[in-house]
Amino acid sequence: MTTAAILEPMTPLLHSVREVVKETPDTFTLTLQPENGAPESSFQPGQFSMLWVFGVGELPISISGDPGKQDRLVYTVRSVGKATNAFVSQKPGADVGVRGPFGTGWPVEVARGHDLVIVAGGIGLAPLRPVIYHVLSHRADYDRLVVLYGARSPRDLLYRKELASWARQRETQVLTTVDYGGLSWRNHVGVVTTLLKFARLRPARSVAMLCGPEIMMRFVARDLEAHGLGRSQIYVSMERNMKCAVGFCGHCQYGPHFICKDGPVFPYEQIGPMLDKYEL
Ligand SMILES: Cc1cc2nc3c(=O)[nH]c(=O)nc-3n(C[C@H](O)[C@H](O)[C@H](O)COP(=O)(O)OP(=O)(O)OC[C@H]3O[C@@H](n4cnc5c(N)ncnc54)[C@H](O)[C@@H]3O)c2cc1C
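Just so it is clear, the structure is predicted and the values come from calculations on it, not from any experiment.

### With respect to the pairing of strand 9 (residues 172-178)
Here is step 1: Among the seven residues in strand 9, seven count as buried, and that is most of the element.
Here is step 2: Of the two faces of strand 9, both are covered, the one formed by Thr172, Val174, Thr176 and Val178 as well as the one formed by Gln173, Leu175 and Thr177.
Here is step 3: Summarising the sheet, strand 9 and strand 10 (residues 188-189) pair through two bridges and their orientation is parallel. Looking at strand 10, one finds that valine 178 is bridged to valine 189.

In structure tokens, the structure reads:
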């Protein structure tokens with residue numbers, strides 16, 4: 001391999017911030033567009049980029065936009081520390097660097113002709129939103145779409161308007177729940193697994209995609225299995241601290257896998273036994 005080929009995925013391309021939308025008190029969606037002739041970006045739902053905030057650092061963030069719109073890259077970021085806070089504080093017109101897209105995507109081709117069951121917790125809806133866009137723009141290729149989404153409180157729900165509009169689409173069921181509802185919340189309260197009993201599941205013909213805290217994915221996968229889905233029908237997206245994003249540095253090693261290049265999306269069949277081990 002030439003030096004140029006090795007360096008290419010390590011070189012950030014300049015993008016400018018076009019739009020910043022506040023989703024919740026700590027979570028923002030930023031739309032970026034390529035600058036200086038940087039190529040438009042095609043990506044698979046579920047893939048991520050490495051985003052450079054110049055002078056601060058680099059962070060892995062899933063692409064949360066519509067894979068059909070290749071002139072922009074959209075990211076939804078929860079401010080939890082130095083780099084995420086710097087990224088969500090960018091203003092329209094600011095420059096940031098983008099490497100990628102990296103990693104494996106959700107198996108939208110495998111799911112073609114099947115029911116799709118999407119289960120998300122908190123910021124985990126962001127990496128799954130491109131799947132929902134994909135299904136809604138290729139509606140005839142998929143059967144029922146079931147979206148189960150849990151957040152800590154009503155004000156932590158992402159994409160509220162879109163959740164409502166997805167729920168109005170044909171053959172689509174969207175259920176949301178929160179841990180703490182407050183007086184004005186008229187919807188479900190409880191962890192996301194409690195939604196399964198209200199979901200219009202057809203286990204034999206379903207493919208499930210899960211993203212959220214590991215403990216949530218562990219319990220959802222277990223309950224989906226109890227409902228009759230096989231492990232081969234379930235996919236999960238994993239997160240670990242990462243640096244290079246291309247399998248060189250080993251920061252994101254997970255058993256025999258590197259999450260950056262073998263994941264972040266894995267068949268549950270493949271990593272279920274590791275996911276069952278706490279703190280791995
Ligand atoms: C493949 C991938 C996709 C991701 N997609 C998104 C996304 O779409 N939106 C989003 O908001 N975040 C996403 N993250 C998480 C995001 O990268 C981290 O929140 C970010 O790197 C934290 O950096 P920081 O400097 O702001 O915080 P730090 O100061 O580094 O950390 C703040 C807190 O977050 C924890 N943390 C740091 N990095 C990670 C990590 N990679 N995973 C889990 N916890 C971490 C730390 O342990 C600490 O508790 C993704 C991570 C990966 C690996």
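Right, picking up where we left off after that structure.
### With respect to the pattern of salt bridges
Here is step 1: Counted according to the given criterion, the structure contains 17 salt bridges.
Here is step 2: What emerges from the salt-bridge pattern is a single network uniting Asp26, Arg78, Arg152 and Asp156.

### Details of the sheet that holds strand 4 (residues 57-62)
Here is step 1: Judged by pairing direction, the sheet is antiparallel, and its six strands sit side by side in the order 4-3-6-1-2-5 without closing on themselves. Every other strand in the sheet has two partners, leaving strand 4 and strand 5 (73-78) as the edge strands with one partner each. Direction aside, neighbouring strands of the sheet carry axes that sit 40 degrees apart on average.
Here is step 2: One ladder, built from eight bridges, connects strand 1 (residues 13-24) with strand 2 (residues 27-34); its direction is antiparallel. By the bridge assignment for strand 2, valine 20 is matched with leucine 30.

### Describing the site of the ligand
Here is step 1: Around the ligand, the surrounding shell holds 18 residues, and the nearest of these are Pro60, Thr76, Arg78, Thr84 and Glu239.
Here is step 2: Glycine 81 is positioned such that a nitrogen or oxygen atom in its backbone is 3.3 Å from an oxygen atom of the ligand.
Here is step 3: In this structure, alanine 83 approaches the ligand through a main-chain N or O atom, which is 2.9 Å from an oxygen atom.
Here is step 4: Residue assignment for the shell around the ligand shows that the elements contributing at least two residues are strand 4, strand 5 and helix 2 (82-88).
Here is step 5: The element best represented in the shell around the ligand is strand 4, accounting for four residues.
Here is step 6: Looking at which domains feed residues into the shell around the ligand, each of domain 1 (3-102) and domain 2 (115-275) supplies at least three.

### Some remarks on the pairing of strand 3 (residues 48-53)
Here is step 1: Extensive coverage of strand 3 is indicated by the burial of five of its six residues.
Here is step 2: Bridge analysis of strand 3 against strand 4 gives six bridges, and the strand direction is antiparallel. Counterpart to tryptophan 52 in the pairing with strand 4 is glutamate 58.
Here is step 3: From the end of strand 3 to the start of strand 4, which pair antiparallel, there are three residues, and glycine 55 there has a positive phi angle of about 85 degrees.
Here is step 4: Note that strand 3 and strand 6 (residues 95-102) share four bridges and pair antiparallel. By the bridge assignment, tryptophan 52 is partnered in strand 6 with glycine 97.

### Digging into the domain arrangement of the chain
Here is step 1: As far as domains go, the chain holds domain 1 (3-102) and domain 2 (115-275).
Here is step 2: Here the C-alpha centre of domain 2 lies 22 Å away from the C-alpha centre of domain 1.
Here is step 3: Taken together, the contact pairs 28 residues of domain 1 with 23 residues of domain 2.
Here is step 4: Between domain 1 and domain 2 the total buried area reaches about 1900 Å² when both faces are included, carbon and sulfur atoms providing 66% of it.

Basis of the calculations
- Residues numbered from 1 in each chain as written.
- Predicted model: local features only at pLDDT ≥ 70, side-chain atom pairs only at ≥ 80, totals over all residues.
- Heavy atoms only, no water.
- Buried < 20%, exposed > 50% of the residue type's maximum accessible area, 1.4 Å probe, protein only.
- Helix = DSSP H or I, 4+ residues; strand = E, 2+ residues; numbered from the N terminus.
- Pairing = 2+ DSSP bridges.
- Salt bridge = Lys/Arg side-chain N within 4 Å of Asp/Glu carboxyl O.
- Axes fitted to C-alpha atoms, helices over the stretch in contact; angles between N-to-C directions.
- Near = heavy atom within 4 Å.
- Polar contact = N/O pair within 3.5 Å; in protein donor to acceptor, adjacent residues only side chain to side chain.
- Domains from an automatic or database assignment.
- Contact = heavy atoms within 4.5 Å.
- Buried area = accessible area lost by both parts, 1.4 Å probe.

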